[in-house]
Amino acid sequence: PLVLEKATPEDEQQREKWGKKIEFLLSCIALSVGFGNVWRFPYTALQNGGGAFVIPYLIVLFVVGRPLYYLEMVVGQFSSRGCVKVYDMCPLMRGIGVGQTITMFTIVGYYAAILSLAVRYFVDSFRIPLPWSECQREWTNCVDSSFIGQIHTGESNGSVVPSAELYFTKTVMNILPNIDDGIGSPDWKLALCLLVCWTAVTGLLVKGIRSSGKASYFLAIFPYVILFILLIRACTLTGAVEGLKYFVTPQWEKLLEPSVWYAAVSQCFFSLTIGLGAVIVFASFNSFSSNIYRDAMIISGLDTVTSLISGVIVFGVVGNLAHITQREIPEVMKAGPQLVFVIYPDAIAKMDFAPNLFAVLFFFMFTILGLGTNIGIVTTILTSIRDRFPQFQNWKAVVTIAIAGFAYGLVFITPGGLTVLDVIDYYGVTFPTLTLIILEIVAFCWIYGVSRLCVDIKFMLGIDTGLFWRVCWGFLTLAIIVAIFLLEVSRYKLMEVPISVNAFGWCLYSFIVLQSIGWASYAIFKQPQRGLRKITETLKPIEGWGPENVSLRKDYIALITHKQSIDKSRSILKRVYRRIFK
């Protein structure tokens, strides 16, 4: 049943809450643990020093990932507002939340498309023999993925390609070499799978967090059951030890390369889903006094452990594949979708024991992980809409998002879809997220103020905020992200697509980021004051900012009024000091 905090007669209508506290924790796990752990972390580790990459990743997690995750949880739970309405604390910066919502919709299209691929492979996994294990007649230079041994090729024949790769590139996706002449039409089988995915998301969200919260028990826990089965299997494969050695053996010289640290920050953002508004939204459905400090530590820690387990599985499987085909591990490893839909199927086809079983388990796990994250993404978009238009019924909003998401997702299941995915991911997600997270930290930690955040935490949880969190929020985290952003700008190169597509990418980036300027201008225009006060008033929380419970809000306003009355220093340095450390 829907659980609401007990309201007094004078209370406003309360926001719906998680049925049980554990549902929040499990929903956050389902949101954060997804594709980024299974395919992105292992390949990123391989490209950036193997075991040495884990060191910058853990450092970045400690000083960037966890502080931001906890920060977003704090503002969401304290205000019971979504990622747009939370900027009632600073109306000038509301465009950040709007930009994050648009970024989330940018993500949801290709995330659901990748999920449809997983569904297609899950269904195919029941066919005997596995359809990607054998070559088809029309394929040239093909070798069965079920073949075990070294492939010898003459110079006249050229290199041969495993059937698992040709099955993905020709049968499933029919991939085009470029998109100069267009992207082609969607594959009808993948379109059907995409429809199944959106039907599942709609069904799980049609009743809001009441239904998605219950589903989180399965979406968050069951993948770990399969993950540990795959872990045992991967570690017992022949050649797995060599793959694991490659994973854990550090290349220390890589630590001096800025690109490795950039990769660590990118992986941290992608994996924890921070800077996109989802964590704020999920926390906004919490009861006011929930122990989010504990939850933030559990989720960020579990996410890291999951990435490491996924790394062990991937390198175990790749080590086995390298051993069987007598190739080097870097030659076998692939990035992104090809790791999941080429390397895994190729390795599974070579298993001498129950290949169909392990194919079913892997793609079912991958589908569940993707579904959990997709629900979180849609919930973020849904909350932004319903916070702005509360009269818009939940089921209507969900169906509208699903129809739009399905239509948008069709782009990514065309022959040129994966190329479009790379463009959208870079210009519409990676770059905007770095920009918006910088603005988010400025809004939360500098304009609203670290000291005010610490007062809010004390009022909400009854705990004092330590020096570590204050330093990270006030200086360190922001400095690291700004440095990473400048590094990314300095190494920017046009993508290898038509110039018009690059131009479209920059237009998409501009549309997302310029929301902050547009909504700031609107906030200033709406202010009745004149002159400079039109700006300064938009930097202050609106009347009614604080806990949603009216009686709690009255106590909070009294506390803030008292603190402001005793802090009237005219020294800028003293004000900055007090804003961070007092």
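Cut-offs applied
Residues numbered from 1 in each chain as written. Predicted model: local features only at pLDDT ≥ 70, side-chain atom pairs only at ≥ 80, totals over all residues. Heavy atoms only, no water. Phe/Tyr/Trp six-rings, centres within 6.5 Å; stacked < 30°, edge-to-face > 60°. Helix = DSSP H or I, 4+ residues; strand = E, 2+ residues; numbered from the N terminus. Lys NZ or Arg CZ within 6 Å of the ring centre and 35° of its normal. Core = buried A, V, L, I, M, F, W, Y, C linked by side-chain atoms within 4.5 Å. Buried < 20%, exposed > 50% of the residue type's maximum accessible area, 1.4 Å probe, protein only. Contact = heavy atoms within 4.5 Å. UniProt positions renumbered as here; feature names shortened; annotations may be inferred.

The subject of this paragraph is the packing of aromatic side chains. The relative placement of two aromatic rings is captured by the distance of their centres and the angle of their planes. Scanning the model with the defined rule gives 56 aromatic pairs in all. Between the aromatic rings of Phe 288 and Phe 459, the centroid separation amounts to 6.1 Å while the plane-to-plane angle is 70°, which identifies the pairing as edge-to-face. With Phe 288 in the loop between helix 10 (278-284) and helix 11 (292-325) and Phe 459 in helix 17 (residues 450-461), this residue pair connects regions lying 171 residues apart in the sequence. Over the ring of Phe 270 we find Arg 40; its NZ or CZ atom is 4.8 Å from the centre of that ring. Over the face of the ring belonging to Phe 389 we find Arg 388, whose NZ or CZ atom lies 5.0 Å from the ring centre.

Next up on the list: the nonpolar core. Counting residues in each nonpolar core, the largest one holds 192 residues, and the members touching the most others are Met 73 and Phe 444. Examining the composition of this core, we find that 18 residues originate from one element, helix 16 (residues 417-447), more than from any other. When near neighbours in sequence (up to four residues on either side) are disregarded, Phe 444 contacts Leu 71, Val 75, Val 86, Tyr 87, Met 89, Ile 280, Gly 449 and Leu 453.

Further remarks concern the UniProt feature "binding site: Na(+)" (unreviewed entry) in the protein. Here, the residues flagged by UniProt with the feature "binding site: Na(+)" (unreviewed entry) are Val 33, Asn 37, Ser 271 and Leu 369. Across 337 residues in sequence, these annotated residues keep their C-alpha atoms within 12.2 Å of one another, forming a single compact spot. As for its position among the elements, Val 33 is in the loop between helix 1 (21-32) and helix 2 (35-47). Judged by its relative accessible area of 5%, Val 33 is buried. Aside from chain neighbours lying at most four places away, what touches Val 33 is Tyr 224, Asp 303, Thr 306, Leu 369 and Thr 373. Its place among the elements puts Leu 369 in helix 14 (residues 355-388).

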